[in-house]
Each structure stands twice: as C-alpha cells, then as structure tokens.
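Read off the chains here:
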Amino acid sequence: MKNFLIKYKQYSYILKALGILLIITFISHVFRSSLDIINITLIHIIPVIVVAIHGNIKATLVMTLLSVIFLNFLYIPPLYSFSVHNELYVWSFFIFGIVGWIITIQAKNLNTQTKQNELRESLLHIISHDLRTPLSSIHGSINLILSNDNLDEKSKYNLYEDINYASLRMKRLITNILDSTRLSSGNIDLKLEWCDFEDIVGVALNEFSQKQNDEVLQIKIDELSLFWGDNTLLTQLIINLLDNAFKYSKPDTKIYFEIINFNNFIKIKVFNETEYIDKKKIKNIFDKFYRFEDTNDISGSGIGLAICKSIVKLHNGDIKAIPEHNGILIEIELPIVKRAKLL
C-alpha cells in the first residue's frame, strides 16, 4: 500500500492530464458547432504540455498519441473514423509531437540544472561550515600548545586527542563528499571480495577516538563466516552508522552496535538514545542533505545515512530507521549471496 501511494504521488500528473483531456474533449464535443477546428486542436495540446513539463518523454509520447486519437476520431473529417483526407491535419498531429518533445527536453534540462544548483549550494555549505569547525579546533589546539610552554603532559595529551579527533572528522567528511558524488553518478562497479566483518568493524573504529570507543560503544558480533561484498564500501557503511550514532546520541548514554547472523542474511543494528523524533520525519532520514530542524547545533552534512542507503542497495540489502521510546534504531539486512568454501 505504501509503495502504491509513493508511485501515485510520483505519477499523479499523468492522471491529471488524462482528466484534463477528458474534460476538454467533453467541452469541445458539446460546443463543436461554435468552436473552430483550430481552437479545438489548440486546446487539445494542453494535456500534452501538462505531462511534458515533468520531463517524462515516454509519458509525453503516450499523452500526445491519446490527444491525437481523440482529436482525429471526434473532430477531423470524416468523423468517427481514423482516416485523414487533408494532409494539413497530418502536419498538425506531427506538430503535437514536436511541441511535446521540445517542452520535455527543456523540462529535463531545467530539472538537471536545478538539482546541480542545489547540490552545489549544499557542498558549499559543507565546505564553508562543516569543514571550518574541525579546522578551527585543530588551529586552536596547536596555538595553545605552541604558545604555552608550561602545559603539563596530561593537558598536551588532551589537546593532541582533540587534534586527532578533528582531523578524523575532516577525513570522514571529505570521504563522504567524494563517495556521495561517486554513488550519485551511478557509474560504480562493486569490487567484490571475501570480507571479514570483524576486521571491517576494527578498521571503522580506528576512525574515532579511543575515548568514544571505550566509554560509549557497546559491541556484540555473532560468529560470522566471510561475506561476499565490497570491503571498502562496507567499511564506509559502518563508519557512517557509528558517526551518526555518536553525533546524535544523548550525553553520557551508551551506543549499542550489533551484528547478528541469520544464516541467509546478516542483520546490523545500531541504537542510540536521542531526543524524541516525529515518525513522520524519520521516513526522510536517508534522503541526501536531510537534517532535522532541531539539530543545527550538531555538525554534519546530512549525507552520511544517504550514503549508507546507497551502499546497502548496491549489496541488494534493506535499511530502515525505527523510532523507539528513548532513541532511534538503524537496522540493516544484507543477504548472503555466496558462501566461502573453507578448507
């Protein structure tokens, strides 16, 4: 039912165009004695334009054909037949298609340009805001170290830890920007190999501070066989899941990370306590650049979970966000499509 509603919203303009065509045909038929054939022809191009402005060339061709059929059958002599005795009418039908095609191409170009502008603005925001925050942290920590010769070892260690953490944040952000561009292009070939999820999690944990890993994270991993997948992308998947949980969890609360073996598929679960999230908003959590309104004080680009969704889909898996009374659970299912032959 949910998929049907999504499809309906996506293609509702076609139904509207069909409704307009029926209304136009009815009005033209009732007043055909007082309307000139040129005027009837012109108003029959309206439903073609309604579809064409959405940039769907197939739908435009179908609507053009329907408009021509209605026009030819009801108004072009001889009436109630599909014969055309005047070649002028044939040219009018051809013009229908040309107009629809031109509008469709222009609409597609406009949509592409609009999306590119939105992407450019979002990337500029990331570079100007999100990269500036860790850079400021690094710069401030280095200045403190260089300008203060009396710092004790513990204070220096804490500042070094801050520099390390800020540099890791920058690395993750830049990686996400590059991955987002690569995944959005659609021109990506999976480098499939046998992957060990325990190793993948270990590599992912190196992207975070030791303090985060030791004090906040609770990990449980079932005994798993090797998984057939793209090791680099799966590592980035775990990194982004943990990064999202670290950023949005309540202070002094635990994050629970679990990988469960279900024989035919593995399930990855990440839970963190957070403020109440409206169920209506959570459905957009995997959209690119989407962020909740009340999280502006938290650094982030809004592309991490969108990348997670792309990686999961590339591995024919499923990802969903489940709101719970005291937090949010990200749940991923990855099918086991191939089994390693162990000696």
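This text goes with the structure placed above it.
Structural notes, computed from the coordinates. Chains are numbered independently. Their residues run from 1 in the order of the written sequence. Only residues with pLDDT of at least 70 are given local features in this predicted model, and only at 80 or more are side-chain atom pairs given and counted; all residues enter the totals for whole chains, interfaces and linings. As a convention, hydrogens and water are excluded, and side-chain values are obtained from all of the structure's heavy atoms.

Aromatic rings from Phe, Tyr and Trp, taking only the six-membered ring of Trp, are treated as a pair when their centres fall within 6.5 Å; an angle between ring planes under 30 degrees marks them as stacked, one over 60 as edge-to-face, and anything in between as tilted. Overall, the coordinates contain four aromatic pairs when judged by the stated rule. Aromatic side chains F208 and F246 sit 5.0 Å apart centroid to centroid with 55° between the ring planes, which places their arrangement in the tilted category. Here the residue F208 occupies a position in the loop between α8 (197-205) and α9 (210-215), and F246 occupies one in helix α10 (residues 231-248), the gap between them amounting to 38 residues. The classification of residues rests on relative accessible area computed with a 1.4 Å probe and restricted to protein chains. Under 20% of the type maximum is buried, over 50% is exposed, and intermediate values are partly exposed. What makes F208 buried here is its relative accessible area of 4%. A run of DSSP states H or I qualifies as a helix once it reaches four residues; a run of E qualifies as a strand once it reaches two. Both are numbered from the N-terminal end.

A cluster of nonpolar side chains, contributed by I23, F26, I27, V30 and F31, occupies part of the molecular surface with about 510 Å² of accessible area. Checked against the element boundaries, I27 lands in helix α1 (residues 2-30). The patch calculation keeps residues exceeding 30% relative accessible area without a salt bridge and links them within 9 Å when they carry like charges or within 5 Å when they are nonpolar (Val, Leu, Ile, Met, Phe, Trp, Tyr). Calculation of accessible area relied on Shrake-Rupley with a 1.4 Å probe; when residues are assessed, cover is drawn exclusively from the protein chains displayed. The term salt bridge refers to a pairing of a side-chain nitrogen on Lys or Arg with a carboxyl oxygen on Asp or Glu at a separation within 4 Å.

With that settled, the discussion passes to the pattern of salt bridges. Counted by the stated rule, this structure contains six salt bridges. Across the pair E333 and K267 runs a salt bridge whose closest N-O atoms are separated by 3.7 Å. With E333 in strand β7 (residues 327-335) and K267 in strand β5 (residues 265-273), this residue pair connects regions lying 66 residues apart in the sequence. Overlapping salt bridges bring together K267, K320, E331 and E333 as one network.

So, on to the side chain of S249. Relative to the assigned elements, S249 resides in the loop between α10 and β4 (255-261). What makes S249 buried here is its relative accessible area of 16%. Here a polar contact is recorded for every N or O atom pair within 3.5 Å, except that within protein the pair must consist of a potential hydrogen donor and a potential acceptor, and residues adjacent in sequence are included only if both atoms are side-chain atoms. A distance of 3.5 Å separates a polar atom in the side chain of S249 from the backbone oxygen of F246. The contact definition used throughout considers only heavy atoms, calling two residues in contact when any of these lie within 4.5 Å. When residues no more than four places from it in sequence are discounted, the contact partners of S249 are I255, N272 and E273.

The subject of this paragraph is the environment of R32. Mapped onto the elements, R32 comes out in the loop between α1 and α2 (37-43). Taking C-alpha positions, R32 is 9.6 Å from L74, a pair spaced 42 residues apart along the chain. Excluding residues that lie within four positions of it along the chain, R32 makes contacts with I40, Y75 and Y80.

The next point concerns the nonpolar core. Counting 42 residues, the largest nonpolar core has F197, L237, I238, L241, F257, I268 and L334 as the members making the most contacts within it. Mapped onto this core, the elements with two or more residues apiece are α8, α10, β4, β5, α12 (304-314), β6 (318-324) and β7. Among the elements that make up this core, the one with the highest residue count is α10 (nine residues). With sequence-adjacent residues up to four places away left out, I268 is seen in contact with F197, L237, I238, L241, F257, E258, I259, I330, E331, I332 and L334. We call a set of buried Ala, Val, Leu, Ile, Met, Phe, Trp, Tyr and Cys residues a nonpolar core when their side-chain atoms join them within 4.5 Å.

Moving on, we get to the sheet that holds β4. Taken together, five strands build an open sheet; the order of strands is β2-β4-β5-β7-β6 and the sheet is mixed. Each edge of the sheet is formed by a strand with only one pairing partner; in this case those strands are β2 (217-221) and β6. Averaged over all adjacent pairs, the angle separating strand axes in this sheet is 10°, with direction ignored. Two strands pair if DSSP finds at least two bridges between them. In the sheet, β6 pairs with β7 via seven bridges, with the strands oriented antiparallel. To get an axis, fit a line to the C-alpha atoms, keeping to the stretch in contact for a helix; angles then go from 0 to 180 degrees between the N-to-C directions.

The residue N263 is not glycine, and still its phi comes out positive at about 70°. Looking at the element boundaries, N263 is found in the loop between β4 and β5. Overall, the relative accessible area of 49% leaves N263 in the partly exposed class. In this model, N316 sits at a positive phi of 60°, which is unusual for a non-glycine residue. Relative to the helices and strands, N316 resides in the loop between α12 and β6.

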